[in-house]
Amino acid sequence: MTTDGRPVPRPGPLADPAGGATDAVDFGSFVRREGGAGRLVVQPRMGFDDPGRMRAGLAATKAARAVTVGTVTLDSYTRLGESAALAEALAEGRELNGYPITAHAPAVTARMLAGIRDHTFPVQVRHGSAVPQHIFATLIDQRLDASEGGPVSYCLPYGRTPLAESVRNWTEGVRRFAALRELGGEPHLESFGGCLLGQLCPPSLLVAVSVLEALFFHRHGVRDVSVSYAQQTHPAQDREAVAALRRLCRELLPVPTWHVVIYAYMGLYPVTEHGAYGLLSDAARLAVDTGAERLIVKTVAESRRIPTIEENVAALEAAARSARTTVPGSVPPARTDTAAADSETYQEAAALVHAVLDLHPDPGVAMAKAFARGYLDVPWCLHPDNRGRTRSFIDGDGRLRWAHTGALPLGRSATRSTARHRVDSAGLLADLHHVQRRYDTAGGALPAAARTAAESTEITEGGSGSPVSHN
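None of the values given here were measured: they were computed from a predicted structure.

Let's talk about the nonpolar core
Alright, step 1. Within the largest apolar cluster, 115 residues are counted, with the highest numbers of intra-cluster contacts made by Leu58, Val72, Leu205, Ile262, Leu280, Leu295 and Val378.
Alright, step 2. Per-element accounting of this core gives the leading share, eleven residues, to helix α8 (residues 203-219).
Alright, step 3. Among residues more than four places away in sequence, those in contact with Leu295 are Leu40, Val41, Val42, Gln43, Val261, Ile262, Tyr263, Ala264, Leu280, Ala283, Ala284 and Ala319.
Alright, step 4. Within the second largest apolar cluster, seven residues are counted, among which are Val25, Phe27, Phe30 and Ala146.

This is the structure in structure tokens:
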């Protein structure tokens, strides 16, 4: 590293930390080439503490009958920067919920990736930190050029780091990460803004935060980005949301090096096999029908435990099969500019984005100001920097709508559902289980064992209803 935190340039192609050159292709180019226009790149949420098991998971992902990219999800100690606790856990041989990349020498990770990460199989490191500088420094040292997160999406849902501090941390981290370009790579960052709490966040806010974080990445030097959207409660509304996301990116991002990633539903997941695969198949169809290039899958084990490698591969292959049998545009879509402009979601998202950008030239500073004023306000989020004056509900048609808009600058774009719909605890509980129950009971009455599992499901960090790492 130089004194200002940038990597020391090396001649020739991007080099791996063990020496020599790697033939790995940059993440964004691969996804844009292999995904979109009816094709889909699928990706697991996978992280193991043991380098051998992590390598086995990546190898199985690469060998799956699908077009895939790899994931190395980091553990919670690494995410929080708790190096002493991490060292103690490793010394005691305790199992972690992800790969402790900062605790391993570069050569260990290089050996784990050798012969797997290449031009046919790029790998993304996922973490979830509001204090990511140490993670970005490690990625630079180990020449890993794809990650994700954001100053808002990796702050509000997961901890109590002040938002202004998260913005400063992410500004420093992104600027350092952008300097990987000097080594011959093209760093890629994905906004996690399309997920936020995982469920019960109206689509317009998900779209707005994802676009704003992508603009933040560009502002600080990373020009290859992806924007995210998590499948919600109503397929047609989801198609409107992805159309709005794509249109805002075309309008606002300064370069065309971006793509869209869909997340299979991030809320309480079905407990039956037919329910889990039905929801995943619908996520794949949403991705194909909206032209999205990449899909983050979930497995049949999501409601109960951390999935195995085999369960992850089964989910990847199931999603790929659903994608192959989906004809783009077979469902009446909201994909054209005209349709997107006419949708409530686009009008709301555009109003939010432009109101925020008017607050400051730097999108990160603007987002912090927006939360302070209530221009951005996440329903049900307990972070101290979130005003908490907005509420949402699922209407009779299954659409996710605003019950209370607080100080959101929606103006005339506010939907017809903002007439202060009363939200009580029973209604909130029903909404939290809405998708889970709909898919679990699609094949008839919920089996007794599955009903017991559903009743015992708790909401965990990120609203996933699963002990698996949040991202």
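Having seen the model, we can carry on.
Some points on unusual backbone geometry
Alright, step 1. The phi dihedral of Ala37 falls on the positive side, at around 55°, and the residue is not glycine.
Alright, step 2. Position of Ala37 among the secondary structure elements: in the loop between α1 (27-34) and β1 (41-43).
Alright, step 3. Notably, Arg143 is not glycine yet its phi reads approximately 60°, a positive angle.
Alright, step 4. As for its position among the elements, Arg143 is in the loop between α6 (133-141) and β4 (146-149).
Alright, step 5. By relative accessible area, which is 5% here, Arg143 ends up buried.

Some thoughts on α8
Because each turn of an α-helix spans 3.6 residues, side chains separated by three or four positions in sequence point in the same direction.
Alright, step 1. Along its 17 residues, α8 runs 24 Å from first to last C-alpha, staying within 8% of the 24 Å computed at 1.5 Å per residue.
Alright, step 2. Judged by how many residues are buried, α8 sits mostly within the fold: 16 of 17 residues are covered.
Alright, step 3. One or two steps after α8, the chain reaches Gly221, where phi turns positive at roughly 110°.

Points about the pattern of salt bridges
Alright, step 1. Taken as a whole and judged by the stated rule, the model has 19 salt bridges.
Alright, step 2. A salt bridge links Arg246 to Glu293, with the nearest nitrogen and oxygen atoms 3.4 Å apart. With Arg246 in helix α9 (residues 235-252) and Glu293 in the loop between α10 (273-289) and β8 (294-296), this pair connects stretches of sequence that are 47 residues apart.
Alright, step 3. Since its relative accessible area comes to 15%, Arg246 is described here as buried.
Alright, step 4. Of the residues examined, Glu293 reaches a relative accessible area of 8% and is grouped as buried.

Regarding the packing of helix α2 (residues 51-63) against helix α11 (residues 309-324)
Alright, step 1. For the pair α2 and α11, interaxial distance at closest approach is 10 Å and the crossing angle is 20°. Judged by the inter-axis angle, α2 sits roughly parallel to α11. Of the two possible hands of crossing, α2 and α11 adopt the one that is right-handed. Contacts between α2 and α11 involve Arg53, Ala56, Gly57, Ala60 and Thr61 on the former and, on the latter, Ile309, Val313 and Leu316.
Alright, step 2. Split by residue class, the contact of α2 with α11 holds five nonpolar, two polar and one charged.

A few points about α10
Alright, step 1. When the terminal C-alpha atoms of α10 are compared, their 24 Å separation across 17 residues agrees well with the 24 Å that a helix rising 1.5 Å per residue should span.
Alright, step 2. Three or more residues of α10 are buried, namely Gly275, Ala276, Leu279, Leu280, Ser281, Ala283, Ala284, Leu286, Ala287, Val288 and Asp289.
Alright, step 3. The inward-facing, buried residues of α10 abut α9, β7 (258-263), β8, α11 and α16 (434-440).
Alright, step 4. A side-chain oxygen of the first residue of α10 lies 2.9 Å from the backbone nitrogen of Gly275; this N-cap is Thr272.

So, the environment of Leu196
Alright, step 1. Assignment of secondary structure puts Leu196 in the loop between β5 (188-191) and α8.
Alright, step 2. Given the relative accessible area of 1%, Leu196 is considered buried.
Alright, step 3. With 43 residues separating them in the primary sequence, Leu196 and Ser153 have C-alpha atoms 5.5 Å apart.
Alright, step 4. If we skip the residues at most four places from it in the chain, Leu196 touches Val152, Ser153, Pro157, Tyr158, Cys201, Leu205, Leu206, Val209 and Val378.

Regarding the packing of aromatic side chains
Alright, step 1. Summed over all chains, the structure comprises seven aromatic pairs.
Alright, step 2. Here Phe136 and Phe177 contribute two aromatic rings whose centre-to-centre distance is 5.1 Å and whose plane-to-plane angle is 45°, an arrangement assigned as tilted. Of the two residues, Phe136 sits in helix α6 while Phe177 sits in helix α7 (residues 163-178), which places them 41 residues apart along the sequence. An identical accessibility class is assigned to Phe136 and Phe177; each is buried.
Alright, step 3. Ring plane angle 80° and centroid distance 5.6 Å describe the contact between Phe192 and Tyr263, whose orientation is recorded as edge-to-face.

Some details on the pairing of strand β6 (residues 224-230)
Alright, step 1. The buried fraction of β6 is high, at seven of seven residues.
Alright, step 2. Burial along β6 is two-sided: the face carrying Asp224, Ser226, Ser228 and Ala230 and the face carrying Val225, Val227 and Tyr229 are both buried.
Alright, step 3. Inspection of the sheet shows β5 paired to β6 by three bridges, in the parallel sense. By the bridge assignment for β6, Leu189 is matched with Val225.
Alright, step 4. Between the parallel pair β5 and β6, the chain is carried across by α8, and the sense of this crossover is right-handed.
Alright, step 5. Taken together, the six bridges between β6 and β7 define a ladder with parallel strand orientation. Looking across to β7, one finds that Tyr229 is bridged to Ile262.

A short note on the side chain of Gln124
Alright, step 1. Within the secondary structure layout, Gln124 lies in strand β3 (residues 123-126).
Alright, step 2. Engagement of the side chain of Gln124 in a polar contact is seen with the side chain of Arg126, the distance being 2.7 Å.
Alright, step 3. When sequence neighbours within four positions are dropped, the list of residues in contact with Gln124 reads Phe27, Gln43, Gly70, Thr71, Val72, Ala146, Ser147, Glu148, Glu190 and Arg294.

Describing the pairing of β3
Alright, step 1. Both faces of β3 are covered, namely the face carrying Val123 and Val125 and the face carrying Gln124 and Arg126.
Alright, step 2. Summarising the sheet, strand β2 (residues 70-73) and β3 pair through four bridges and their orientation is parallel. Within β3, the position partnered with Gly70 by the bridge is Val123.

A look at the confidence of the model for the protein
Alright, step 1. Confidence in the prediction for the protein averages 86 pLDDT; 84% of positions are at 70 or higher.
Alright, step 2. Every residue in residues 1-15 scores below 50 in pLDDT, and together they form 39 contacts with partners more than four places removed in sequence or on other chains.
Alright, step 3. Considering only residues more than four positions removed or in separate chains, one finds that residues 445-470, a stretch of pLDDT under 50, has 65 contacts.

About the cut-offs
- Counting from 1, residues in each chain are numbered in the order their sequence is written.
- Where totals are concerned, whole chains, interfaces and linings use all residues; where local detail is concerned, this predicted model gives features only for residues with pLDDT of at least 70, and gives and counts side-chain atom pairs only at 80 or more.
- Note that the side-chain values use all heavy atoms of the structure and ignore hydrogens as well as water.
- Only buried residues count toward a nonpolar core. Its members are Ala, Val, Leu, Ile, Met, Phe, Trp, Tyr and Cys residues joined through side-chain atoms within 4.5 Å.
- Burial classes follow relative accessibility: with a 1.4 Å probe on protein chains only, a residue under 20% of its type's maximum area counts as buried, one over 50% as exposed, and anything between as partly exposed.
- Runs of E in the DSSP output that reach at least two residues are strands. Runs of H or I that reach at least four are helices, and both are numbered from the N terminus.
- We call two residues in contact when some of their heavy atoms are within 4.5 Å.
- One less than the residue count of a helix, multiplied by 1.5 Å, gives the span that helix is expected to have.
- Whenever Lys or Arg places a side-chain nitrogen within 4 Å of a carboxyl oxygen from Asp or Glu, that contact is recorded as a salt bridge.
- Note on definitions: angles span 0 to 180 degrees between N-to-C directions of axes, and those axes are lines fitted to C-alpha atoms, for helices only across the stretch in contact.
- Each angle gets one of four labels, with under 35 degrees taken as roughly parallel, over 145 as roughly antiparallel, 65 to 115 as roughly perpendicular, and the rest as oblique.
- Here a crossing is called left-handed whenever its near helix is offset anticlockwise from the far helix by less than a right angle, and right-handed whenever the offset is clockwise.
- For this classification, the nonpolar set comprises Ala, Val, Leu, Ile, Met, Phe, Trp, Tyr, Cys and Pro, the charged set comprises Asp, Glu, Lys and Arg, and every other residue, Gly included, is treated as polar.
- Pairs of N or O atoms are called polar contacts if they sit within 3.5 Å, as long as, within protein, a hydrogen donor faces a hydrogen acceptor (for residues adjacent in sequence, only side-chain-to-side-chain pairs).
- Between 30 and 60 degrees the pair is tilted, below 30 it is stacked and above 60 it is edge-to-face, where a pair is any two Phe, Tyr or Trp rings, Trp via its six-membered ring, whose centres lie within 6.5 Å.
- Strand pairing follows a simple DSSP-based rule, namely that at least 2 bridges must link the two strands.
- With the strands pointing away from the viewer, any crossover whose connection runs clockwise from the first strand over the helix to the second is right-handed.
- What pLDDT reports is the predictor's confidence in each residue, on a scale of 0 through 100.

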